[in-house]
Amino acid sequence: MLFPFLSLDLDTSDILFFVLIGSMILYGTLKKKKPSIIETLEISEINTLSKGLCKIKGQILATNQITSPITETKCIGYNYSQLSYGYKGGYRRRVKGRKKWRTYRTESKSADFYIKDTTGQIKVNAKNISIQINVNRSEKKLSRTLLDVENLLLEDDTEYIISGTVVKGKNNSIEIIKNKKDKELLIMDKAFYEFTFEDIPFMKKKAGIFIVFLVVSILCFVIYKSVYS
């Protein structure tokens, strides 16, 4: 029999109960994971900042520069990644999977800089900063299966979003740092931020709702057939 449970002595309320529980479990597996700090914080204007966690949006200004590893470009900072092309995992992955570029090493490095918006500017102490950007990209192919990639922080018109901790510096000035409790200090370009925290989660949510609706519709149809056939 295609649906063995239909031969059981179940009334409609029992079946609806199982449908409800199954739908709740399915929704629980599809719902979004706990949001990160950068997701939950609201964007603040620089002239309103006080001590503690913050998220701000603006353009960056150089104070010092460093040299990028691939193109040897003078820049504020960079994210450098090494990629390999192949299968992930062992023999079974090679049989069932497909090849793609995978990052096996990445590092961020930056000099200190300022970020500004229409209300002012603030210094960013870039020690231990995480740089996640898609702008100013350069690649160097080492072989058919190895690739080096760098993305640069430059003083241009790019708009960035930074999350970190505001503290008092010298002479009562304030700056953004990564604090001692390992809170994140993260910079993303605006397009990368929107793709990561707005576009993709929204698409996943819509897909999850559609799947739940589809499963419930199918089960309701099965119930109808079992009751009235």
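Refer to the structure above for everything that follows.
Source: prediction; values computed, not measured.

### Digging into unusual backbone geometry
Now for step 1: At Glu-72, a position not held by glycine, the phi torsion is positive, near 55°.
Now for step 2: Within the secondary structure, Glu-72 is located in the loop between β2 (66-67) and β3 (74-75).
Now for step 3: With a phi angle near 50°, Asn-136 is a residue other than glycine that sits in the positive phi range.
Now for step 4: Of the residues examined, Asn-136 reaches a relative accessible area of 27% and is grouped as partly exposed.

### A look at the sheet that holds strand β5 (residues 100-110)
Now for step 1: Read from one edge of the open sheet, 4 strands run β5-β4-β10-β9, paired in antiparallel fashion. Looking at which strands have only one partner, the edges of the open sheet turn out to be β5 and β9 (137-141). In this sheet, adjacent strand axes meet at a mean angle of 20° when their direction is disregarded.

### Comments concerning the environment of Lys-183
Now for step 1: Here Lys-183 shows up in the loop between β12 (174-177) and β13 (186-189).
Now for step 2: Along the sequence, Lys-183 and Thr-165 sit 18 residues apart, while their C-alpha atoms lie 7.6 Å from each other.

### Quick notes on the nonpolar core
Now for step 1: Membership of the largest hydrophobic core comes to 22 residues, with the highest contact counts inside it found for Ile-56, Ile-60, Phe-113, Leu-153, Ile-162, Ile-176 and Ile-187.
Now for step 2: Those elements that provide at least two residues to this core are β1 (52-62), β6 (113-117), β7 (120-124) and β11 (160-168).
Now for step 3: Excluding residues within four positions of it along the chain, Ile-176 makes contact with Cys-54, Ile-56, Ile-122, Lys-123, Val-124, Asn-125, Gly-164, Thr-165, Val-166 and Leu-185.
Now for step 4: If you look at the next biggest cluster of nonpolar residues, it comprises 7 residues, including Ile-66, Tyr-78, Ala-111 and Leu-152.

### Some remarks on the pairing of strand β10 (residues 146-153)
Now for step 1: Here β10 lies mainly inside the structure; 7 of its 8 residues are buried.
Now for step 2: Two elements, strand β4 (residues 77-86) and β10, share 8 bridges in a ladder whose sense is antiparallel. For Tyr-80, the partnering residue across the bridge sits in β10 and is Glu-150.
Now for step 3: Bridge count for β9 against β10 is 5 bridges, and the pairing is antiparallel. Note on β10: the bridge partner recorded for Glu-139 is Val-149.
Now for step 4: Counting the residues in the hairpin turn of β9 and β10 gives 4 residues.

Calculation criteria
- Residues numbered from 1 in each chain as written.
- Predicted model: local features only at pLDDT ≥ 70, side-chain atom pairs only at ≥ 80, totals over all residues.
- Heavy atoms only, no water.
- Helix = DSSP H or I, 4+ residues; strand = E, 2+ residues; numbered from the N terminus.
- Buried < 20%, exposed > 50% of the residue type's maximum accessible area, 1.4 Å probe, protein only.
- Pairing = 2+ DSSP bridges.
- Axes fitted to C-alpha atoms, helices over the stretch in contact; angles between N-to-C directions.
- Core = buried A, V, L, I, M, F, W, Y, C linked by side-chain atoms within 4.5 Å.
- Contact = heavy atoms within 4.5 Å.

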